[in-house]
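# Residue-level structural notes
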Amino acid sequence: MRNSLVDPKVLKKRRQKLGEATPGSAIVIPAHPEFIRNNDVHHAYRQDSNMFYFSGFEEPESVMVFRPGLDPEYILFVREKNVERETWDGFRFGPDMAASVFGADRAYPVNDFDRVMVDLLEPVEKIYYRLNWNHEFDSRLFRVLDSLKQKRGRSGRGYPPIFDTTEILGDIRLFKTPEEIPLIKKACEISSEAHVAMMKAVRPGVNEREIYGKFLSEIMKRGADREAYGAIVASGANATVLHYRFNDQELKKGELILIDAGAEYQYYAGDITRTFPVNAKFSKAQKEVYEAVLNIQKKMIELVKPGIPQKNMQEECIKLVVQTLLDLGFLSGKASENIENKSYQKYYMHGVSHWLGMDVHDAGVYQYKGESRKLEPNMLFTIEPGIYIPLNDTKVPSDYRGIGVRIEDDVLVTNMGAEVLTTGAPKEVSDLEALIGKGN
Ligand SMILES: [Mn+2]
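Residues numbered from 1 in each chain as written. Predicted model: local features only at pLDDT ≥ 70, side-chain atom pairs only at ≥ 80, totals over all residues. Heavy atoms only, no water.

What the protein contains, in helices and strands, is 13 helices and 19 strands. Whereas a compact globule of 440 residues would reach a radius of gyration of roughly 22 Å, the protein reaches 25 Å, a difference of no more than 12%. Taken along its principal axes, the extent of the C-alpha atoms in the protein is 75 × 50 × 40 Å. In the protein, buried positions account for 52% of the 440 residues. Contacts spanning at least 24 positions in sequence make up 70% of the contacts within the protein whose residues lie at least 6 apart. In the structure as shown, the protein presents an accessible area of about 20,400 Å², 50% of it carried by carbon and sulfur atoms. (Helix = DSSP H or I, 4+ residues; strand = E, 2+ residues; numbered from the N terminus. Rg over C-alpha atoms; globule rule 2.2 N^0.38 Å. Buried < 20%, exposed > 50% of the residue type's maximum accessible area, 1.4 Å probe, protein only. Contact = heavy atoms within 4.5 Å. Areas by Shrake-Rupley, 256 points an atom, 1.4 Å probe, with all protein chains shown as cover.)

Turning next to the side chain of aspartate 260. Assignment of secondary structure puts aspartate 260 in strand S9 (residues 256-261). Exposure remark for aspartate 260: the relative accessible area of 7% places this residue in the buried category. At 2.5 Å, the side chain of aspartate 260 forms a polar contact with the side chain of tyrosine 229. The residues touching aspartate 260, leaving out its near neighbours within four places in the chain, are Tyr229, Ala231, Ile232, Asp271, Ile272, Thr273, Arg406 and Glu408. (Polar contact = N/O pair within 3.5 Å; in protein donor to acceptor, adjacent residues only side chain to side chain.)

What follows deals with the coordination of the manganese ion. The coordination sphere of the manganese ion, as far as protein atoms go, consists of Asp271 (OD), His354 (NE2), Glu384 (OE) and Glu408 (OE), spread over 2.0 to 2.5 Å. Mapping the donors of the manganese ion onto the primary sequence gives the spacing D-x82-H-x29-E-x23-E. With aspartate 271 in the loop between strand S11 (268-269) and strand S12 (272-277) and glutamate 384 in the loop between strand S15 (380-383) and strand S16 (386-388), this residue pair connects regions lying 113 residues apart in the sequence. Residue classification places glutamate 384 among the buried positions, given a relative accessible area of 7%. (Donors = N, O, S within 2.8 Å, 3.2 Å for Na, K, Ca; no water.)

Further remarks concern the sheet that holds strand S5 (residues 126-128). Strand order in the open sheet formed by six strands is S4-S3-S2-S1-S5-S6, and the pairing between neighbours is mixed. Of all the strands in the sheet, the pair left with one neighbour each is strand S4 (106-109) and strand S6 (162-163). Here S5 pairs with S6 via two bridges, running parallel. Bridged to tyrosine 128 within S6 is phenylalanine 163. (Pairing = 2+ DSSP bridges.)

Turning our eyes to something else, we now look at the environment of alanine 197. Note that alanine 197 resides in helix H8 (residues 180-201). Look at alanine 197 and you get buried, because its relative accessible area is 11%. Along the chain, alanine 197 and proline 178 lie 19 residues apart, while their C-alpha atoms are 30 Å from each other. For alanine 197, the contacting residues outside a window of four places in its chain are Lys214 and Glu218.

This paragraph deals with unusual backbone geometry. Between aspartate 71 and proline 72 the backbone carries a cis peptide bond, its omega angle lying at -5°. Take proline 72: it is sitting in the loop between strand S2 (63-66) and strand S3 (74-78). Notably, lysine 342 is not glycine yet its phi reads approximately 55°, a positive angle. Here lysine 342 lies in the loop between helix H12 (335-340) and strand S13 (367-368). Taking relative accessible area as the criterion, lysine 342 reaches 45% and is therefore assigned partly exposed.

Within the largest apolar cluster, 110 residues are counted, with the highest numbers of intra-cluster contacts made by Leu76, Ile211, Phe381, Ile383 and Ile389. No other element matches the 10 residues that H8 contributes to this core. The residues that make up this core include at least three from each of domain 1 (8-173) and domain 2 (180-435). Not counting the four nearest positions on each side in its chain, isoleucine 211 is found in contact with Met198, Ala201, Val202, Val206, Val233, Leu251 and Ile259. Of all hydrophobic cores here, the second largest spans 22 residues; its members include Ile75, Phe77, Val118 and Tyr129. (Core = buried A, V, L, I, M, F, W, Y, C linked by side-chain atoms within 4.5 Å. Domains from an automatic or database assignment.)

On the basis of which strands lie adjacent, the open sheet formed by three strands has the order S8-S9-S12 and antiparallel pairing. Edge positions in the sheet fall to strand S8 (232-235) and S12, since each of these pairs with one other strand and no more. With strand direction ignored, the average angle separating the axes of adjacent strands in the sheet is 10°. Bridging between S9 and S12 involves six bridges; their strand directions are antiparallel. Within the sheet, the bridge partner assigned to alanine 261 lies in S12 and is isoleucine 272. Against the sheet, H8 engages S9 and S12, with an angle of about 15° to S12. (Axes fitted to C-alpha atoms, helices over the stretch in contact; angles between N-to-C directions.)

Spelled out as structure tokens, the structure:
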């Protein structure tokens, strides 16, 4: 007998919160699609974050339906038990066990979805469903809606309206609960420790790919399920390519290496970037840029406290980056003009922060009732300023060209300010220089 990874009482509380926000409706969340038809190869399956957050159910092909206030209120559609298929694909709960383990009022075989769903939707006024996300399921739901319309006949009710779930579910997931925070801390801790291991492994002559392999091995060793996103291991001027994904160059003496990598632990993502010299010693130019970015990052962390509009983070970051670029002599003129004409975008062109959680770019809106969302306790996000100097930028002295620095930590808003969850990965120059290349 297997258990739910998440305490069913916790799942129930999450659904209650969902019900308060969606009276008179049915919320429909399908499992993440299974991409096994691709060359007959099975890929590691990960449940859809919303499905997992509200149901805890990890099997593919399943669907959760929640009808706040109605009976049955919480319904699961799951694969039937099948001895032969289970020999191939592993254990299945089946409807009866799924209902009792995961606390559903009713559970049906997913093959009965079309038929049962018409009856389940009959009394609701509206549906919450994420359209254009899972196309196969879209078609399935539309078929059900057609049957429903026919069943309703000329009652004047017709199709129920469909509302997008993104905001309403994101609004719940945005606030991390006491059960989530230890898992998030663990994901951050595993990620931090793997970064330290990579620092120790970095030296001239090693390939980016080997460092990436080190990361995967270190996070797996510590119980991670997978990497939380495709890691970036970028040495030299590769670091100025924001979404560098080749990870195949040899590390060279005199270059920096930028590593953006995070572990996923029980569905929670860590997201860390560190930048440091391949040969354990920053050059004068590298150190200047690095310490400038570190300074910006620390000032941004100090800004974090409840009540601050989220958009202030980006605005403050741009101000700090522009001042830094003026100090370095890479930009000229007035700070306000450079902010106005966006000249800084040549050196800094991405967002400084994103929500973090079960998804690396986690659910949750940034605008709320037409205004920037204000920070509140238990929100979790990254702070990741960077400066990237193009290799061919003849406006800057040659020893600065091709330097790319980003420093990223994961930050939880507390009642007082911020708790940095990724302090296990050093970022001070002296700490880095003492660690790099010191492994076997
Ligand atoms: Mn990030």
